[in-house]
Amino acid sequence: MPSHTAEELLASFQGLTPERAQQIGDQIDECRRLLNANPDMDAVQQHLKDEGVGIIQAILITTRLLAVEEHPSTLRAAREIVECSPARTRNTA
């Protein structure tokens, strides 16, 4: 049975399989717990990068972490958080 978060994703995005929605939903829920324990979005972004989550999916997850209600600037804010995160901007060479 899909989690509440997975059900929200399935209702919001066409083309997601229930399995993929559950996987992303689990990541969102895990990041919510991490954010509640340590309200540092950079730590969340580092966690996502460490887990191998790509930028597009990290933006989706971050959007869900920010969204109390849908707002046009939420996507822009999430994109900025992910792209400007020290986890994504560090030189790995």
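Residues numbered from 1 in each chain as written. Predicted model: local features only at pLDDT ≥ 70, side-chain atom pairs only at ≥ 80, totals over all residues. Heavy atoms only, no water.

Moving on, we get to the packing of helix H3 (residues 41–50) against helix H4 (residues 55–66). Across the interface, H3 lies against H4 with an axial gap of 11 Å and an inter-helix angle of 145 degrees. Remark: the crossing between H3 and H4 carries right-handed chirality. Residues Met41, Val44, Gln45 and Leu48 of H3 form the contact with H4, whose participating residues are Ala58, Ile61, Thr62, Leu65 and Leu66. Per-class residue counts for the contact of H3 with H4 are seven nonpolar, two polar and no charged. (Axes fitted to C-alpha atoms, helices over the stretch in contact; angles between N-to-C directions. Helix = DSSP H or I, 4+ residues; strand = E, 2+ residues; numbered from the N terminus. Left-handed = near helix turned anticlockwise from the far one by under 90°. Contact = heavy atoms within 4.5 Å. Nonpolar A, V, L, I, M, F, W, Y, C, P; charged D, E, K, R; others polar.)

For the rest of this paragraph, the subject is the nonpolar core. Where a protein is soluble and globular, its nonpolar side chains tend to be buried together. In terms of nonpolar packing, the biggest core is built from 18 residues, with Val44, Leu48, Ile61 and Leu65 touching the most fellow members. Counting residues per element, the ones that place at least two in this core are helix H1 (4–12), helix H2 (18–37), H3, H4 and helix H5 (72–84). With residues up to four places along the chain from it excluded, the contact list for leucine 65 reads Ile28, Cys31, Arg32, Leu35, Met41 and Val44. (Core = buried A, V, L, I, M, F, W, Y, C linked by side-chain atoms within 4.5 Å. Buried < 20%, exposed > 50% of the residue type's maximum accessible area, 1.4 Å probe, protein only.)

All right, on to the environment of threonine 17 then. Looking at the secondary structure, you find threonine 17 in the loop between H1 and H2. Sequence-wise, threonine 17 and aspartate 40 are 23 residues apart; in three dimensions their C-alpha atoms are separated by 31 Å. Among the polar contacts listed, one links the side chain of threonine 17 to the backbone nitrogen of arginine 20, at a separation of 3.0 Å. (Polar contact = N/O pair within 3.5 Å; in protein donor to acceptor, adjacent residues only side chain to side chain.)

A few words now on the packing of H1 against H2. In the contact formed by H1 and H2, the axes pass within 8 Å of each other and the chain directions differ by 125 degrees. If you check the angle between H1 and H2, you find them oblique. Crossing handedness for the pair H1 and H2: right-handed. Across from Thr5, Ala6, Leu9 and Leu10 in H1, the residues of H2 making contact are Pro18, Ala21, Gln22, Ile24, Gly25, Ile28, Asp29 and Arg32. The class makeup of the residues in the contact of H1 with H2 is seven nonpolar, three polar and two charged. (Parallel < 35°, antiparallel > 145°, perpendicular 65-115°, else oblique.)

This part is about a negative patch on the surface. Together, Asp26, Glu30, Asp50 and Glu51 make up a region of like negative charge exposed at the surface. You can see glutamate 51 is positioned in the loop between H3 and H4. Here glutamate 51 falls in the exposed class, since its relative accessible area comes to 54%. (Patch = residues over 30% accessible without salt bridge, like charges linked within 9 Å, V, L, I, M, F, W, Y side chains within 5 Å. Areas by Shrake-Rupley, 256 points an atom, 1.4 Å probe, with all protein chains shown as cover. Salt bridge = Lys/Arg side-chain N within 4 Å of Asp/Glu carboxyl O. Lys, Arg positive; Asp, Glu negative; His and termini not counted. Charge placed at Lys NZ, Arg CZ, Asp CG, Glu CD.)

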